[in-house]
Amino acid sequence: MPKVTIFGAGNVGATCAHVLAQRDIADVCLIDIVEGMPQGKALDIRQAGPLQDFGVEVTGSNDYAACKDSDVVVVTAGLARKPGMDRMELLGKNTNIVAGIAKAIRENAPGAVIVMVTNPLDVMTYVAWKVSGFPRERVVGMAGVLDSARFRAFIAMELGVSVVDVSAMVLGGHGDTMVPLPRFSTVNGVSIKELMSPEAIQRLSDRTRKGGAEIVNLLKTGSAFYAPGTSSAQMAEAIVKDRNHVLPASVWLQGEYGLRDVFCGVPVVLGKGGMKRIVDLRLDDAEKAMLVKSADDVRKGQTEVAGFLS
Ligand code: TXD
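Residues numbered from 1 in each chain as written. Predicted model: local features only at pLDDT ≥ 70, side-chain atom pairs only at ≥ 80, totals over all residues. Heavy atoms only, no water.

1. Describing the overall build of the protein chain
As a reminder of what qualifies: Only runs of H or I of at least four residues qualify as helices and only runs of E of at least two qualify as strands under DSSP, and these elements are numbered from the N terminus. The quantity called the radius of gyration is restricted to C-alpha atoms. Its globule counterpart is 2.2 Å times the number of residues to the power 0.38. Exposure categories follow from relative accessible area, calculated using a 1.4 Å probe and restricted to protein chains: below 20% of the type maximum is buried, above 50% is exposed, and the middle band is partly exposed. The contact criterion used is simple: two residues touch if any of their non-hydrogen atoms lie within 4.5 Å.
Scanning the protein chain for helices and strands turns up 10 helices and 14 strands. Computed over C-alpha atoms, the radius of gyration of the protein chain comes to 19 Å, within 12% of the 19 Å expected from 2.2 N^0.38 for 310 residues, which places it in the range of a compact globule. When the backbone C-alpha atoms are referred to their principal axes, the protein chain occupies close to 50 × 50 × 40 Å. Among the 310 residues that make up the protein chain, the fraction classed as buried is 51%. Partitioning the contacts of the protein chain with sequence separation of at least 6, the portion at a separation of at least 24 is 67%.

Okay, here's the thing in structure tokens:
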């Protein structure tokens, strides 16, 4: 049985663990610094096994070395902003957390594929890549899968059609400058441009860009986790099962889309060993300009964290 380790047994990490277990995809190891919590959640998920008909092993640990020999490591560990903490302070703290985890992965699971989830997503993926020293194929960030799922859900809600018929593509960094691509979004092969007014498409694109904030405002404490946890599980499944799934992921670009030395969300083929190839879509000028702007934002973040890493 393959092994997936999840750092951070909070809302997103525990949801991801449950989804992976439910589908009998892999043995799952949850790691967190809070004593007893990952062990307790692991046991709880295991006890859902007889009810949901799954039998994979689910374990919890406070020891980073428990990620030993994992095929995939999902990283959701991090701190949320506390009152009085500025953005840079949070960035420094999360950089330290992710760097410590990346080092442990390098030592204990040198063949793993890392799926980053912690925010700011693209910048934290850069930290994991830098510190692990892994080839770019084995360090991917989860954001596009979630952002596209949100866009798909909104399109289905608007048109009153089944979500399973809706495909959508959202590229760019995980932030306000993400790039929903209506031209590559379809309902059973029919472009949404044929099915919706330009105003409706704009409205749904904007709602997608602010999808995370919409949920934070409703929850008041904490952020979204069902769809983010399931998105992370989908990426882990694609890798473990070598599915060659085409989905957007944040990867280290080396000239693709005219972008270099930056982590940014683009469509990739995801399977055994991680990112197998980048799918180079032909973007029009407006789409390209939005992607460049989004990548510029990530680049600024990469420069900021470089200070914490040296
Ligand atoms: O699309 C995306 N990429 C995202 C990202 C979508 C949703 C959430 N996104 C980010 O994921 C979010 O902004 C956070 O940075 C992470 C995790 O979100 P979650 O909602 O799960 O946060 P929690 O519930 O606070 O969980 C974080 C856990 C918590 O249990 C801490 O104890 C643990 O991380 N933690 C650690 N674990 C291991 N090692 C260290 N050092 C550590 N520090 C904190």
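2. Remarks on the environment of E237
Along the polypeptide, E237 turns up in helix α9 (residues 226–240). Between the alpha carbons of E237 and T177 there is a distance of 28 Å; along the sequence they are 60 residues apart. If we ignore the near neighbours within four places in the chain, the residues touching E237 are R23, I25, D242 and R243.

3. Considerations on the packing of aromatic side chains
The line we're drawing: Pairs were defined over the aromatic rings of Phe, Tyr and Trp, the Trp ring being its six-membered one, requiring ring centres within 6.5 Å. Orientation was assigned from the angle between planes: stacked under 30 degrees, edge-to-face over 60, tilted for the rest.
According to the stated counting rule, one finds 7 aromatic pairs in the structure shown. Joined through ring pairs, the aromatic side chains of Y126, W129, W252 and F263 make up one cluster.

4. A closer look at the pairing of strand β12 (residues 245–254)
Operational definition: Only strands that DSSP links by at least two bridges are regarded as paired with each other.
Counted residue by residue, β12 has 7 buried out of 10 residues, so it is predominantly covered. Between β12 and the antiparallel strand that follows it, strand β13 (residues 260–271), lie 5 residues; G255 among them carries a positive phi value of about 105°.

5. So, the pattern of salt bridges
This is how the line gets drawn: By definition, a salt bridge exists where a carboxyl oxygen of Asp or Glu is found within 4 Å of a side-chain nitrogen of Lys or Arg.
Using the criterion set out here, one finds 14 salt bridges in the structure. Across the pair R183 and D284 runs a salt bridge, and its minimum N-O distance is 3.7 Å. With a gap of 101 residues between them, R183 in the loop between β9 (179–180) and β10 (186–187) and D284 in the loop between β14 (274–278) and α10 (285–309) connect regions that are remote in the sequence. One connected set of salt bridges, linked through shared partners, spans R23, E237, K241 and R243.

6. As for the site of the ligand
Note the cut-off: It suffices for a single heavy atom of a residue to lie within 4 Å of a molecule or strand for the residue to be listed as near it. Definition of a polar contact: a pair of N or O atoms within 3.5 Å, with one able to donate and the other able to accept a hydrogen when the atoms are protein atoms, and with sequence-neighbouring residues admitted only if both atoms are side-chain atoms. In short, Shrake-Rupley with a 1.4 Å probe defines the accessible areas, and a residue's cover is counted only from the protein chains shown. Boundaries of every domain are those given by an automatic assignment or by a domain database.
By nearness alone, 23 residues border the ligand, and N11, V12, D32, Y64 and M142 come closest of all. Y64 has a polar side-chain atom sitting 2.7 Å from a nitrogen atom of the ligand. A distance of 3.0 Å is found between an oxygen atom of the ligand and a side-chain nitrogen or oxygen belonging to N119. Across the complex, the protein chains shield 84% of the 860 Å² of accessible surface that the ligand would expose by itself. Structurally, the shell around the ligand is a two-domain feature, drawing no fewer than three residues from each of domain 1 (3–141) and domain 2 (144–309).

7. Topic: helix α3 (residues 87–108)
Short version of the rule: A helix is expected to reach a length of 1.5 Å times the quantity of its residues less one.
With 22 residues, α3 should cover 32 Å at 1.5 Å per step; its first-to-last C-alpha distance of 31 Å lies within 8% of that length. Among the residues of α3, those classed as buried are L90, L91, G92, N94, T95, V98, A99, I101, A102, A104, I105 and N108. Tucked inside the fold, the buried residues of α3 contact β1 (3–7), β4 (72–75), β5 (113–116), α4 (121–132) and α10. The distance from a side-chain oxygen at the start of α3 to the backbone nitrogen of M88 is 3.2 Å, and the residue carrying that oxygen is D86.

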